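# Overview (structure and organization)
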Amino acid sequence: FPDQEDDPDDGSEDERFELPVLPKGILITDSVLSLDSPRRPRPLELNLARIVEAVAADGKLSVTLEGGIRKEAVHLEVTSADVDGLVDFRHVELSFVGKFGEIDFDGNFGVEDLLEPRRPTASLNLAGPSSEYLFYLLDVEPLARGPLHAELVMEPVGELMRISVDSVFGDFTAQARG
């Protein structure tokens, strides 16, 4: 109202951003997600047979995606430890597992405050037949040829953060600890 002014020094705590709405259930079927750019010879299409989002009675959110890309199956399942944490961006814990054609992946992510992330935890495991196969699925020219495998772990240790990476991407190998 015009006659009421906000007083920044009124001692009240700043309002924190929260999701205004979080549906308890969504179902999307028979859709296509198309990725295009000037550098692509043609759009990359992800055929979405089904996306399901649901909040269970125990407060856990789950999202399941089923579809295909270049005639290969795509499957992704994401779950949260607590939907309330997603709404106010606090105590966010997510885990995921999926298949991208013949490439398997899984992992998790956690952080106490997503708006001011400090000391997150994360892991990712990815394994597939070859890097060429990944480039085939993405419909781009291969940048590397050979194996495809990656493991990443990030976690707090005392006051420090530990990061561990072991990956093979075609001709490229990366190993790091710190």
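Residues numbered from 1 in each chain as written. Predicted model: local features only at pLDDT ≥ 70, side-chain atom pairs only at ≥ 80, totals over all residues. Heavy atoms only, no water.

## Thoughts on a negative patch on the surface
Among the surface-exposed residues, D82, D84, E93 and E112 lie close enough to one another that they form a single negatively charged patch. On the secondary structure map, D84 appears in helix α1 (residues 83-88). (Patch = residues over 30% accessible without salt bridge, like charges linked within 9 Å, V, L, I, M, F, W, Y side chains within 5 Å. Areas by Shrake-Rupley, 256 points an atom, 1.4 Å probe, with all protein chains shown as cover. Salt bridge = Lys/Arg side-chain N within 4 Å of Asp/Glu carboxyl O. Lys, Arg positive; Asp, Glu negative; His and termini not counted. Charge placed at Lys NZ, Arg CZ, Asp CG, Glu CD. Helix = DSSP H or I, 4+ residues; strand = E, 2+ residues; numbered from the N terminus.)

## Here we look at the sheet that holds strand β3 (residues 61-69)
Here we have ten strands laid out as an open sheet, ordered β1-β2-β3-β4-β5-β6-β7-β8-β9-β10, and antiparallel in their pairing. The open sheet is flanked by β1 (25-35) and β10 (172-177), the only strands paired with a single partner. Strand-to-strand twist of the sheet, defined as the mean angle between neighbouring strand axes without regard to direction, takes the value 10°. As defined by bridge partners, strand β5 (residues 90-100) adjoins strand β6 (residues 103-113) across ten bridges and the pair is classed as antiparallel. Bridge pairing in β6 places F100 opposite I103. Sitting on the sheet, helix α2 (residues 131-138) touches β2 (44-55), β3, β4 (72-80), β5, β6, β8 (148-157) and β9 (160-169), and the angle it makes with β5 is about 100°. (Pairing = 2+ DSSP bridges. Axes fitted to C-alpha atoms, helices over the stretch in contact; angles between N-to-C directions. Contact = heavy atoms within 4.5 Å.)

## What to know about the pattern of salt bridges
Side chains bearing opposite charge may pair, as long as their charged atoms lie close to each other. For the coordinates displayed, the defined rule picks out seven salt bridges. R118 is paired through a salt bridge with E116; the nearest N and O atoms lie 3.3 Å apart. As a salt-bridge pair, R177 and D166 come within 2.9 Å of each other at their nearest N and O atoms. Of this pair, R177 sits in strand β10 while D166 sits in strand β9, and the two are eleven residues apart along the sequence. The network of salt bridges with common partners includes R40, R42, R70 and D139.

## Quick word on the pairing of β3
Judged from the nine bridges that link them, β2 and β3 form a sheet pairing that is antiparallel. From the neighbouring strand, R50 faces β3, where its bridge partner is E66. With antiparallel pairing between neighbouring strands as the criterion, β2 and β3 make up a hairpin whose turn holds five residues, including G59 at a positive phi of roughly 90°. Bridge analysis of β3 against β4 gives eight bridges, and the strand direction is antiparallel. Among the inter-strand pairings, G67 is bridged to a residue of β4, identified as V74. Turn length for the β3-β4 hairpin, with the two strands adjacent in sequence and antiparallel, is two residues, and the turn residue R70 shows positive phi of about 50°.

## What to know about the confidence of the model for the protein
When pLDDT is averaged across the protein, the result is 88; 92% of the residues are at 70 or more. Of all secondary-structure elements in the protein, the lowest mean pLDDT belongs to α1, at 81, while strand β7 (residues 121-128) reaches the highest, 97. (pLDDT = per-residue confidence, 0-100.)

## Things to note about the environment of M154
Looking at the element boundaries, M154 is found in strand β8. Note on M154: relative accessible area 23%, which makes it partly exposed. Sequence-wise, M154 and V55 are 99 residues apart; in three dimensions their C-alpha atoms are separated by 28 Å. (Buried < 20%, exposed > 50% of the residue type's maximum accessible area, 1.4 Å probe, protein only.)

## Details of the side chain of S131
Position of S131 among the secondary structure elements: in helix α2. A polar side-chain atom of S131 sits 3.1 Å from the main-chain carbonyl oxygen of A144. Leaving out residues up to four positions away in the same chain, S131 has contacts with A144, R145, G146, P147, L148, F169 and G170. (Polar contact = N/O pair within 3.5 Å; in protein donor to acceptor, adjacent residues only side chain to side chain.)

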